[in-house]
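Here is how the chains run, residue by residue.
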Amino acid sequence: MRCRLGERAAWEQLVRDWEPKLLYFVRRLVEGEADALDVLQQTWLKVYRRMGTLEDAAALGPWLYRV
């Protein structure tokens, strides 16, 4: 929820914590490392833009995978 308030440190922590998990997930969906990294970057942009729509912090994990 600190990300929703615009705390940069919170955003950086979110990326550090979730990037390996999301990259593992994306690698299973697309072929090639470059494509996986592109999809991951697009995902983070969408997450950043949609952070205000996350209503329940406990639902963060499933919400990230849906984005």
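Above this text you will find the structure in question.
On a predicted model such as this, the values are computed, not experimentally measured, just so you know.

Asker: So what's going on with the overall build of the protein chain? Which residues, and what values?
Answerer: Each helix and strand counted, the protein chain has 3 helices and 0 strands in total. Counting from the amino terminus, helix and strand elements in the protein chain follow one another as α-α-α. For 67 residues, the compact-globule estimate of 2.2 N^0.38 gives 11 Å, and the protein chain sits close to it at 12 Å. On the principal axes, the C-alpha backbone points of the protein chain span a range of 35 × 20 × 20 Å. Counting the 67 residues in the protein chain, one finds 30% classified as buried. Surface exposure of the protein chain reaches about 5000 Å², of which carbon and sulfur atoms provide 52%. Across the protein chain, 11 positive and 10 negative side-chain charges occur, with their mean positions spaced 4 Å apart.

Asker: Pulling in residues and values, what's your account of the pattern of salt bridges?
Answerer: On inspection of all chains with the given rule, the structure shows 2 salt bridges. Of the charged contacts, one joins Glu 12 and Arg 8 as a salt bridge, the two residues approaching to 2.8 Å between their closest N and O atoms. With Glu 12 and Arg 8 both in helix H1 (residues 8–27) and 4 residues apart, the pair spans about one turn of that helix. On the basis of relative accessible area, Arg 8 is assigned to the exposed category, the value being 67%. Arg 27 serves as the salt-bridge partner of Glu 33, at 2.7 Å between the closest nitrogen and oxygen. Since its relative accessible area comes to 41%, Arg 27 is described here as partly exposed.

Asker: So what's going on with a nonpolar patch on the surface? Which residues, and what values?
Answerer: Taken together, the side chains of Phe 25, Leu 29 and Tyr 65 present a nonpolar region at the surface, about 290 Å² in accessible area. A relative accessible area of 33% means that Tyr 65 is categorised as partly exposed.

Asker: Kindly report on the packing of aromatic side chains, identifying the contributing residues and their values.
Answerer: Tallying each qualifying case throughout the model produces 4 aromatic pairs. On the numbers, 5.6 Å between centres and 80 degrees between planes, the contact of Trp 11 with Trp 44 is edge-to-face. Residue Trp 11 is located in helix H1, and its partner Trp 44 is located in helix H2 (residues 33–50); the two are separated by 33 residues in the primary sequence. The pair Trp 11 / Trp 44 is uniform in exposure class, with both members buried. Aromatic side chains Trp 11 and Tyr 48 sit 5.2 Å apart centroid to centroid with 80 degrees between the ring planes, which places their arrangement in the edge-to-face category. Of this pair, Trp 11 sits in helix H1 while Tyr 48 sits in helix H2; the two residues are 37 residues apart in sequence, bridging distant segments of the chain. Cluster of aromatic residues (ring-pair linked, three or more members): Trp 11, Trp 44 and Tyr 48.

Reading guide: rules and limits
Residues numbered from 1 in each chain as written. Predicted model: local features only at pLDDT ≥ 70, side-chain atom pairs only at ≥ 80, totals over all residues. Heavy atoms only, no water. Helix = DSSP H or I, 4+ residues; strand = E, 2+ residues; numbered from the N terminus. Rg over C-alpha atoms; globule rule 2.2 N^0.38 Å. Buried < 20%, exposed > 50% of the residue type's maximum accessible area, 1.4 Å probe, protein only. Areas by Shrake-Rupley, 256 points an atom, 1.4 Å probe, with all protein chains shown as cover. Lys, Arg positive; Asp, Glu negative; His and termini not counted. Charge placed at Lys NZ, Arg CZ, Asp CG, Glu CD. Salt bridge = Lys/Arg side-chain N within 4 Å of Asp/Glu carboxyl O. Patch = residues over 30% accessible without salt bridge, like charges linked within 9 Å, V, L, I, M, F, W, Y side chains within 5 Å. Phe/Tyr/Trp six-rings, centres within 6.5 Å; stacked < 30°, edge-to-face > 60°.

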